[in-house]
Amino acid sequence: EPEVTQTPSHQVTQMGQEVILRCVPISNHLYFYWYRQILGQKVEFLVSFYNNEISEKSEIFDDQFSVERPDGSNFTLKIRSTKLEDSAMYFCASSVGQGREQYFGPGTRLTVT
Amino acid sequence: GESVGLHLPTLSVQEGDNSIINCAYSNSASDYFIWYKQESGKGPQFIIDIRSNMDKRQGQRVTVLLNKTVKHLSLQIAATQPGDSAVYFCAEKETGGYQKVTFGTGTKLQVIP
C-alpha cells in the first residue's frame, strides 16, 4: 500500500539554524500538507499546497516557514531560523483531491537546542 | 471561533468490549469530520470519515455517528482488541474549499487484556 514517507526521522539543530524537512507524498496525490504536534498537544495545521502554490496557511506559518516542491516527488518544509518553540513532531500529509482523506507520514521529530 | 474537543482524555475498556469515544465540535461551518488513530511514535492514521449530510457511517468494526443538532460526533469500535490501543482524534474541516483539518485534543484508549 502506498504511503507518505518523511526524512529524517529525528533532526536536532541549534537555535537560529535553518532546517529542511523532507517528505515524499503518495505518488498520485495532488494536495500536500504540513502539520505539527508539540509534545502532548494536538496536531496543528501549518500549510496546504496545491498546483505549486500555497492554498491555505495558519497563523503559525509565518515568514520563517516556507514550502517547496523542488521536483515531481519531494515536498519540503524549511524553517529559516529555528526557535526553541519550533521543537515538535512535523507531519507531512497528502490527499488525492480537495476534500478527500489526508494520509499522514510518520513524522520528523525536530529538537531545537 | 472553531473548536473541536473531546469529552474524555482516557478511556479504558476490556478486550472484546465495545468502545465509544465522543467528540464535541462548535464550528457550524464544518461539514466533514474524520477520526484518526495515532499510535505511539507514528503519524495520525485515517480511520473513517463522515460528511454532514449523513448521520451514520460504518467501516470494518468501526461506526461513526454524527449529530449535527448538538454538534456531537462519536466513534464506536466493536470488539475492541489490544491493537486498538492508541490516541484517537476527531477532526473537522470547513466548507468553502478550505483544506486545513482541525484536530481535537485526543482520547487515549487503553485496552485491558
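Calculation notes
- Residues numbered from 1 in each chain as written.
- Chains lettered and ligands numbered in written order.
- Predicted model: local features only at pLDDT ≥ 70, side-chain atom pairs only at ≥ 80, totals over all residues.
- Heavy atoms only, no water.
- Disulfide = S-S within 2.5 Å.
- Helix = DSSP H or I, 4+ residues; strand = E, 2+ residues; numbered from the N terminus.
- Buried < 20%, exposed > 50% of the residue type's maximum accessible area, 1.4 Å probe, protein only.
- Contact = heavy atoms within 4.5 Å.
- Buried area = accessible area lost by both parts, 1.4 Å probe.
- Salt bridge = Lys/Arg side-chain N within 4 Å of Asp/Glu carboxyl O.
- Polar contact = N/O pair within 3.5 Å; in protein donor to acceptor, adjacent residues only side chain to side chain.
- Pairing = 2+ DSSP bridges.
- Axes fitted to C-alpha atoms, helices over the stretch in contact; angles between N-to-C directions.
- Core = buried A, V, L, I, M, F, W, Y, C linked by side-chain atoms within 4.5 Å.
- pLDDT = per-residue confidence, 0-100.

Under the counting rule described, the total for this entry stands at two disulfides over all chains. A:Cys23 shares a disulfide with A:Cys92; S-S distance 1.9 Å. Note on the A:Cys23 and A:Cys92 pair: the S-S dihedral is about -65°, so by sign convention the disulfide is left-handed. A residue pair is termed long-range when its members are at least 10 positions apart, and A:Cys23 in strand β3 (residues 19-24) and A:Cys92 in strand β9 (residues 88-95) qualify at 69 residues. Accessibility assignment for this pair places A:Cys23 and A:Cys92 in one class, buried. Disulfide pairing is shown between B:Cys23 and B:Cys90; the S-S distance is 1.8 Å. Because the sign of the S-S torsion sets the handedness, a value of about 50° for the bond joining B:Cys23 and B:Cys90 places this disulfide among the right-handed ones. Taken together, the residues span a long stretch of sequence, with B:Cys23 in strand β3 (residues 19-25) and B:Cys90 in strand β9 (residues 86-94) at a distance of 67 residues.

With that settled, consider the interface of chain A and chain B. Chain A puts 19 residues into the contact, and the matching count from chain B is 21 residues. Here chain A packs against chain B, burying approximately 1,600 Å² in sum over the two surfaces, 54% of which is carbon and sulfur. Here chain A and chain B share zero salt bridges between them. For the pair chain A and chain B, the number of links is four residue pairs in polar contact (both at pLDDT 80 or more). For the side of chain A that touches chain B, the elements supplying multiple residues, two or more each, are β4 (31-37), β5 (44-50) and β6 (53-57) of chain A.

Residues and elements named next belong to chain A. The antiparallel open sheet is built from four strands, whose spatial order is β1-β3-β8-β7. Since the sheet does not close on itself, it has two edges, and those belong to β1 (5-7) and β7 (65-68), each with one partner. For this sheet, the mean angle separating the axes of adjacent strands, direction not counted, is 20°. Note: β1 against β3, three bridges, orientation antiparallel. Paired with Thr 5 across the two strands is Val 24, which belongs to β3.

Moving on: the nonpolar core. Counting 22 residues, the largest nonpolar core has A:Trp34, A:Leu46, A:Phe61, A:Val67, A:Phe75, A:Leu77 and A:Tyr90 as its most contacted members. Residue assignment for this core shows that the elements contributing at least two residues are β3, β4, β5, β7, β8 (75-79), β9 and β11 (108-112) of chain A. Beyond its immediate sequence surroundings of up to four residues, A:Val67 is in contact with A:Trp34, A:Val47, A:Phe49, A:Ile54, A:Phe61, A:Phe75, A:Thr76 and A:Leu77. Among the nonpolar cores identified, the runner-up in size contains 20 residues, and B:Phe33, B:Val64, B:Ile77 and B:Ala86 belong to it.

With that settled, consider the pattern of salt bridges. Counting across every chain of the model gives four salt bridges over all chains. Its salt-bridge partner being A:Arg36, residue A:Glu44 comes within 3.2 Å of it at the nearest N-O pair. The class of A:Arg36 is buried, set by a relative accessible area of 11%. When the shortest N-O distance is used, the salt bridge between B:Arg57 and B:Asp49 registers 2.3 Å.

Our next topic: the side chain of A:Ser48. On the secondary structure map, A:Ser48 appears in strand β5. Polar contacts involving the side chain of A:Ser48 include one to the side chain of A:Ser55, which spans 2.7 Å.

When pLDDT is averaged across chain B, the result is 89; 92% of the residues are at 70 or more. Here strand β1 (residues 4-6) of chain B stands out as the least confident element of chain B, with mean pLDDT 50; strand β7 (residues 62-67) of chain B is the most confident, with 97.

Mapped onto the secondary structure, B:Gln38 falls in strand β4 (residues 30-38). Residue classification places B:Gln38 among the buried residues on the basis of a relative accessible area of 10%. There is a polar contact of 2.9 Å between the side chain of B:Gln38 and the backbone oxygen of B:Lys42. When sequence neighbours within four positions are dropped, the list of residues in contact with B:Gln38 reads A:Gln37, A:Phe91, B:Gly43, B:Pro44, B:Ala86, B:Val87 and B:Phe89.

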